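A closer look at the structure
One-letter residues, chain by chain:
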Amino acid sequence: MTETEQSDNFQRHPGTDQNAFARRRRVPSQLVVIALVLIVAASIAFMVYQSAFAPTKLLGYFGLVRQIQFNSDGSLVFAAGTGGIAVWRPSQNTQPKIVFDEGVQYSSLAIPPSGKLVAAVNDKDGHIWDPDGAHVLDFSTAMPDCDRFLSPSFSHDGASLAVSCREKTSKKWRIKILDLTTMRPRQELEAPPGQLLDWIDFAHDDQWLVSYGSAVVDPQKKDHTFPGHVIIWDCANGQVLRSTFSYGDGFRCAAVIGSGQAIVVSMYRSAQVWLDTNDLEKTSDFSTDGFAILTPDRHSLIAPHWSNGLQRFDLETGAVNVLIPSHGALSGLYHLNRDAVALSSDGSCVAQVARLVENTSQPESKLQMQNLLDDRQSRCKVLVVDARTGSSVRS
């Protein structure tokens, strides 16, 4: 076709090339629209995923939370610390349902299976309340011969409360078991010489009481490996059924948990698990960094790790699942409290405390460490997740 013929053809069909040009312009515009739709859909999907798998954050506690615990059906979370006793209902709200004894420092708490009482100690004294905060008993009144209290534990039948305490005159540590009908001690168990009774717990059948006592050592001693004395007591006659020493890398022993015929002892950098208390020579050791809890089926151990966060260890396969990661799951800079962890009685929900770090510009500075040690100025969140998947538990 000659140049003249091409010109005549364009004049006879002037819209042919113009329509093709318009179509070529519309194609990029359509791609942009499709891309925007995909971005919006991805953003919505991410928000839904984040909402489903991010921890439920319980707010409103001013002070350092030292211990948390679920009630029997897992519907309430209790916290004890430097700001008093707080209670949340995770499925309905993120602010405390009630706070009582606000501003009083508490180090440990216990709740019976009935959920009708709350016991807590603050070193010099201890108290029992009902869940609405009405006062029931002072430990100093029921046990006037004692001047220090460390660990309360309710029996699983709800009939007794065991308390580790120190006598005023002899300075010996004992476990006193209170009858909750009379609110008076009915039995005493004496610790070995030179041993504290840091943590105690009833075994699930209430026939045994498990205690962990760290050694009383000279503060000037340079060796930082301290022996811990694990004792299994017969509650019927007070006799020692089993006694063994365990060594932890530092002062902090998180807890002893009696679970059926199993025991977990949490220390500074490890957790020892006895799946059969008839054979205390056979133990399993796990690398943890705080409070370790055995699941009710005794198949898994839930424990914090200093770098990974809160993990679930499968005792049979060795598989590890991170439930609350140490980074990325929290808004702002929070420090996970590795000693404040709780598991609901049915094993479905787990909670851990996260503490706000004020000096976000210098996360490794001495000032930040001072903030971590300043209990009264702390602000804490309680994070609650599904104990198997790490997903949110909000309804």
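Not measured: the values here are computed from a predicted model.

**Quick word on the packing of aromatic side chains**
Aromatic ring pairs are reported here in terms of the distance separating the ring centres and the angle at which the planes meet. Under the definition given, this model contains three aromatic pairs. On the numbers, 5.6 Å between centres and 80° between planes, the contact of Tyr106 with Trp129 is edge-to-face. Residue Tyr106 is located in the loop between β5 (98-100) and β6 (108-110), and its partner Trp129 is located in strand β8 (residues 126-129); the two are separated by 23 residues in the primary sequence. Aromatic rings pair up to connect Phe100, Tyr106 and Trp129 into one cluster.

**A look at the pattern of salt bridges**
Side-chain pairing between opposite charges can occur once the charged atoms of the two side chains come close. Applying the stated criterion across every chain yields a total of ten salt bridges. A salt bridge links Lys176 to Asp145; the nearest nitrogen and oxygen atoms lie 2.7 Å apart. Placement of Lys176 in strand β12 (residues 173-179) and of Asp145 in the loop between α3 (139-142) and β10 (146-154) is noted, with a sequence separation of 31 residues between them. Arg166 is the partner of Asp147 in a salt bridge, and the nearest nitrogen-oxygen pair spans 3.2 Å. Highlighted residues: Asp147 in strand β10 and Arg166 in strand β11 (residues 160-167), separated in sequence by 19 residues. The buried category is assigned to Arg166, whose relative accessible area is 18%. Each of Asp145, Glu167, Lys172, Arg174, Lys176, Glu188 and Glu190 takes part in salt bridges that share partners, so that together they form one network.

**As for the sheet that holds strand β23 (residues 300-305)**
Working definition: the strands of a sheet are paired by backbone hydrogen bonds and lie parallel or antiparallel to each other. As summarised here, the arrangement of the four strands in space is β22-β23-β24-β25, forming an open sheet in which the pairing is antiparallel. The open sheet has two edge strands, β22 (293-294) and β25 (320-325), and neither has a second partner. Alignment of β23 against strand β24 (residues 309-314), held across six bridges, turns out to be antiparallel. Paired with Ile302 across the two strands is Arg312, which belongs to β24.

**Description of the sheet that holds strand β4 (residues 84-88)**
Ordered by their spatial adjacency, four strands build an open sheet running β2-β3-β4-β5, and the pairing between neighbours is antiparallel. Every other strand in the sheet has two partners, leaving β2 (65-70) and β5 as the edge strands with one partner each. Direction aside, the axes of adjacent strands within the sheet are offset by 15° on average. For strand β3 (residues 77-81) and β4, the ladder comprises five bridges, and the chain directions are antiparallel.

**Observations concerning the nonpolar core**
Core analysis: the biggest nonpolar cluster contains 18 residues, and Ile128, Phe139, Met143, Phe149, Phe154, Leu161 and Leu180 have the highest contact counts within it. Of all the elements in the fold, those that place two or more residues in this core are β7 (118-121), α3, β10 and β11. Within the second largest apolar cluster, 17 residues are counted, among which are Leu58, Ala79, Ala342 and Cys380.

**Let's talk about the pairing of strand β15 (residues 208-214)**
In terms of residue burial, β15 counts as a mostly covered element, since seven of its seven residues are buried. Burial along β15 is two-sided: the residues Trp208, Val210, Tyr212 and Ser214 and Leu209, Ser211 and Gly213 are all buried.

**As for the pairing of β25**
Examined bridge by bridge, β24 and β25 share five bridges and lie antiparallel to one another. Within the sheet, the bridge partner assigned to Leu310 lies in β25 and is Ile324.

**Topic: the environment of Trp129**
In this structure Trp129 comes out as buried when scored by relative accessible area, which is 3%. On a C-alpha basis, the gap between Trp129 and Val118 in space is 5.2 Å, while along the polypeptide they are eleven residues apart. Those residues in contact with Trp129, other than ones at most four positions away along the chain, are Ile85, Phe100, Asp101, Tyr106, Lys116, Leu117, Val118, Ala120, Ala134, His135 and Val136.

**Overview of unusual backbone geometry**
For Asp101, which is not a glycine, the phi torsion comes out positive at approximately 55°. As for its position among the elements, Asp101 is in the loop between β5 and β6. We note that Met183 has phi near 60°; this positive angle belongs to a residue other than glycine. Within the secondary structure, Met183 sits in the loop between β12 and β13 (184-190).

**Things to note about the environment of Pro113**
On the secondary structure map, Pro113 appears in the loop between β6 and β7. For Pro113, a relative accessible area of 36% puts it in the partly exposed group. Non-local contacts of Pro113, meaning those with residues more than four positions away in its chain, are made with Ser72, Ser155 and His156.

**Let's talk about the side chain of Thr82**
When you line up the elements, Thr82 lands in the loop between β3 and β4. Classification of Thr82 as buried rests on a relative accessible area of 5%. Within the local environment of Thr82, its side chain forms a polar contact with the backbone nitrogen of Leu64, the two atoms lying 2.7 Å apart.

**A short note on the confidence of the model for the protein**
Of the residues in the protein, 70% reach a pLDDT of 70 or more, and the chain-wide mean stands at 75. Ranking the helices and strands of the protein by mean pLDDT puts β7 first, with 93, and helix α4 (residues 366-373) last, with 42. For residues 249-253, every residue scores under 50 in pLDDT, and the model assigns this stretch 17 contacts once sequence neighbours within four places are set aside. Across residues 359-376, where pLDDT falls below 50, the model places 25 contacts with residues more than four positions away in sequence or in other chains.

Cut-offs used in this document
- Residues numbered from 1 in each chain as written.
- Predicted model: local features only at pLDDT ≥ 70, side-chain atom pairs only at ≥ 80, totals over all residues.
- Heavy atoms only, no water.
- Phe/Tyr/Trp six-rings, centres within 6.5 Å; stacked < 30°, edge-to-face > 60°.
- Helix = DSSP H or I, 4+ residues; strand = E, 2+ residues; numbered from the N terminus.
- Salt bridge = Lys/Arg side-chain N within 4 Å of Asp/Glu carboxyl O.
- Buried < 20%, exposed > 50% of the residue type's maximum accessible area, 1.4 Å probe, protein only.
- Pairing = 2+ DSSP bridges.
- Axes fitted to C-alpha atoms, helices over the stretch in contact; angles between N-to-C directions.
- Core = buried A, V, L, I, M, F, W, Y, C linked by side-chain atoms within 4.5 Å.
- Contact = heavy atoms within 4.5 Å.
- Polar contact = N/O pair within 3.5 Å; in protein donor to acceptor, adjacent residues only side chain to side chain.
- pLDDT = per-residue confidence, 0-100.

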